[in-house]
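Each chain, letter by letter, is given below.
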Amino acid sequence: MTSRSVFTACVLAATIATAIAQEPVRLSLGLYSFKKPTEVYKQFQPVAVALSQSLTAQLKRPATVELQIVKTYEECLAGFVAGKIDIVRFGPASYVLAKQQCAGVELLAAEREDSRGVGLIVVRDDSPVRTLADLAGRRVAFGDQQSTIGRYLSQAELGQAGITGKELAGFQY
């Protein structure tokens, strides 16, 4: 091999290594549509842009985080566990389910407890129900079965008021 061919091979190897290093990183941020998908997109697009910029700076190569909005908790969980979604925004209940299904799941960041507001248990204005205890013997609709606030925290509040599923006339998710 001549010195010229060695030089050419080294230049080619360096060019290929540079091209691979500059290949864009593409990640998906999975969100379930807890409101209209267009509203979820508007709310989280700035997050995707900020993550893209931060990753680009840290990796020293182009990085793009694209939103992937799905219809349900279950679809988001399944996509994440299957590796079709790279990053997700889950509540604590969905995180626990993901961790049970995929031991390699790691918590990257957590929202402050008071950052999203509060959950509500509501009745119609004309309802005689004024306290949680008044729900005994009545039917209750909870949020999604995997919702931390819409299911688990609501049920915990009812439990603290002495109301379990047995005391209700029925419940659905």
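This is a predicted model, so every value here is computed, not measured. (Residues numbered from 1 in each chain as written. Predicted model: local features only at pLDDT ≥ 70, side-chain atom pairs only at ≥ 80, totals over all residues. Heavy atoms only, no water.)

### With respect to the overall build of the protein
Turning to step 1, where the next piece is worked out: What the protein contains, in helices and strands, is five helices and five strands.
Turning to step 2, where the next piece is worked out: Starting at the N terminus and walking to the C terminus, you meet the elements of the protein as α-β-α-β-α-β-α-β-α-β.
Turning to step 3, where the next piece is worked out: The buried share among the 173 residues of the protein stands at 25%.
Turning to step 4, where the next piece is worked out: Put simply, of all contacts in the protein between residues at least 6 apart along the chain, 60% involve residues at least 24 apart.
Turning to step 5, where the next piece is worked out: Accessible surface computed for the protein: about 12100 Å², of which carbon and sulfur atoms make up 58%. (Helix = DSSP H or I, 4+ residues; strand = E, 2+ residues; numbered from the N terminus. Buried < 20%, exposed > 50% of the residue type's maximum accessible area, 1.4 Å probe, protein only. Contact = heavy atoms within 4.5 Å. Areas by Shrake-Rupley, 256 points an atom, 1.4 Å probe, with all protein chains shown as cover.)

### Some details on the side chain of Ser 154
Turning to step 1, where the next piece is worked out: Mapped onto the secondary structure, Ser 154 falls in helix α5 (residues 148–160).
Turning to step 2, where the next piece is worked out: Those residues within four positions of Ser 154 in sequence are excluded, and the remaining contacts are Ile 121, Phe 142 and Ile 149.

### Describing the packing of aromatic side chains
Turning to step 1, where the next piece is worked out: One pass over the full model with this rule turns up five aromatic pairs.
Turning to step 2, where the next piece is worked out: Taken together, a centroid distance of 5.9 Å and an interplanar angle of 85 degrees make the contact between Phe 80 and Phe 90 edge-to-face. Taken together, the residues Phe 80 in helix α3 (residues 73–81) and Phe 90 in the loop between β3 (87–88) and α4 (92–101) connect sequence positions ten residues apart. For the pair formed by Phe 80 and Phe 90, the shared burial category is buried.
Turning to step 3, where the next piece is worked out: Judged by centre distance (5.9 Å) and plane angle (80 degrees), the rings of Phe 171 and Tyr 173 are edge-to-face.
Turning to step 4, where the next piece is worked out: A relative accessible area of 39% places Phe 171 in the partly exposed class.
Turning to step 5, where the next piece is worked out: Taken together, Phe 142, Phe 171 and Tyr 173 form an aromatic cluster joined through their ring pairs. (Phe/Tyr/Trp six-rings, centres within 6.5 Å; stacked < 30°, edge-to-face > 60°.)

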